[in-house]
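# Commentary on secondary and tertiary structure
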Amino acid sequence: MKIRPSLLTFLLLIASAAAPAMAGSASDNLNVSASVVPSIIIVPPVAPVPIPVENITNPSTPATATIPIAITLPSNITGKITLGQGQNASSVSNDTNPVRRMTDGQGNYLLYELYQDESKTIIWGNTDNTGLSLTGTGSASSINVHVKIPAGQNVPAGNYQDTVQLKATL
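Note that the structure is a prediction, hence the values are computed from the model and not measured.

In this section: the overall build of the chain. Along its length, the chain carries 1 helix and 8 strands. When the elements of the chain are put in sequence order from the N terminus, they spell out α-β-β-β-β-β-β-β-β. In the chain, which comprises 170 residues, the proportion classed as buried is 31%. Residue pairs at least 24 apart in sequence account for 77% of intrachain contacts in the chain once pairs closer than 6 positions are excluded.

Below, the structure is given as structure tokens:
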């Protein structure tokens, strides 16, 4: 007597073999850079004249930028997008409250912050609680990393950069 598997068993075996993995992770680097222009301050000898000159190395307002990123997640699967502390993080930095810094390679550092929202109130960290939740569509989703360079930093002119690990986990 031969034992034949039922059609239901056969279909279950096919379905389980074809099901996509529901867990995993992917990572890549996010390169961040900024150029600091030398300060120029003009003080006229007789009377102040309004000249539109900004002190770039010690601005009174923060500099901001937006970096668009495309991330593709499987359809209807929610992932967590986290950003590491960067290669030049301060010694007080941690995954929940990163203190990120760009360097000019000469021992000078420029502090910067990465946010999930345009109003720059939600710090983007490297934990489940500080990461961005994103539900996949099966196609590329565009998300923005909002960058803020705090005002009042007195750094030498030069090109500053850092690399931050971007990680997507299902």
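From this point, the discussion proceeds with the structure in view.
Evaluated as defined, the whole model comprises 0 aromatic pairs. Here Arg101 stacks its cationic end above the ring of Tyr109, 3.7 Å away from the centre of that ring.

Within the fold, Ser93 resides in the loop between β3 (78-83) and β4 (100-103). Overall, the relative accessible area of 14% leaves Ser93 in the buried class. Within the local environment of Ser93, its side chain forms a polar contact with the backbone nitrogen of Val99, the two atoms lying 2.9 Å apart.

Moving on: the environment of Ser141. Take Ser141: it is sitting in strand β7 (residues 140-149). For Ser141, a relative accessible area of 14% corresponds to the buried category. Along the primary structure Ser141 and Ala70 are separated by 71 residues, whereas in three dimensions their C-alpha atoms are 5.3 Å apart. For Ser141, the contacting residues outside a window of four places in its chain are Ile69, Ala70, Ile71 and Leu134.

Conventions we followed
- All residue numbers refer to positions counted from 1 along the written sequence of the respective chain.
- The model is predicted, so local features are restricted to residues of pLDDT at least 70 and side-chain atom pairs to those at 80 or more, both for listing and for counting; the totals for chains, interfaces and linings are taken over all residues.
- Think of the side-chain values as coming from all heavy atoms in the structure, minus any hydrogens and water.
- In DSSP terms, a helix is any run of H or I states spanning at least four residues, a strand is any run of E spanning at least two, and both are numbered starting from the N terminus.
- Burial here depends on accessible area, computed with a 1.4 Å probe over protein chains only, as a share of the maximum for the residue type. Under 20% is buried, over 50% is exposed, and the range in between is partly exposed.
- Should any heavy atoms of two residues lie within 4.5 Å, those residues are considered in contact.
- Stacked, edge-to-face and tilted labels apply to pairs of Phe, Tyr and Trp rings (six-membered ring for Trp) whose centres lie within 6.5 Å, assigned for plane angles under 30 degrees, over 60, and everything in between, in that order.
- In this scheme, the term charge over a ring applies when either NZ of a lysine or CZ of an arginine sits within 6 Å of the ring centre and within 35 degrees of the ring normal.
- Two N or O atoms count as a polar contact when they lie within 3.5 Å, although within protein this holds only if one can serve as hydrogen donor and the other as acceptor, and sequence-adjacent residues are included solely when both atoms are side-chain atoms.

Take it as geometry only, folks, not as evidence of what the structure does.
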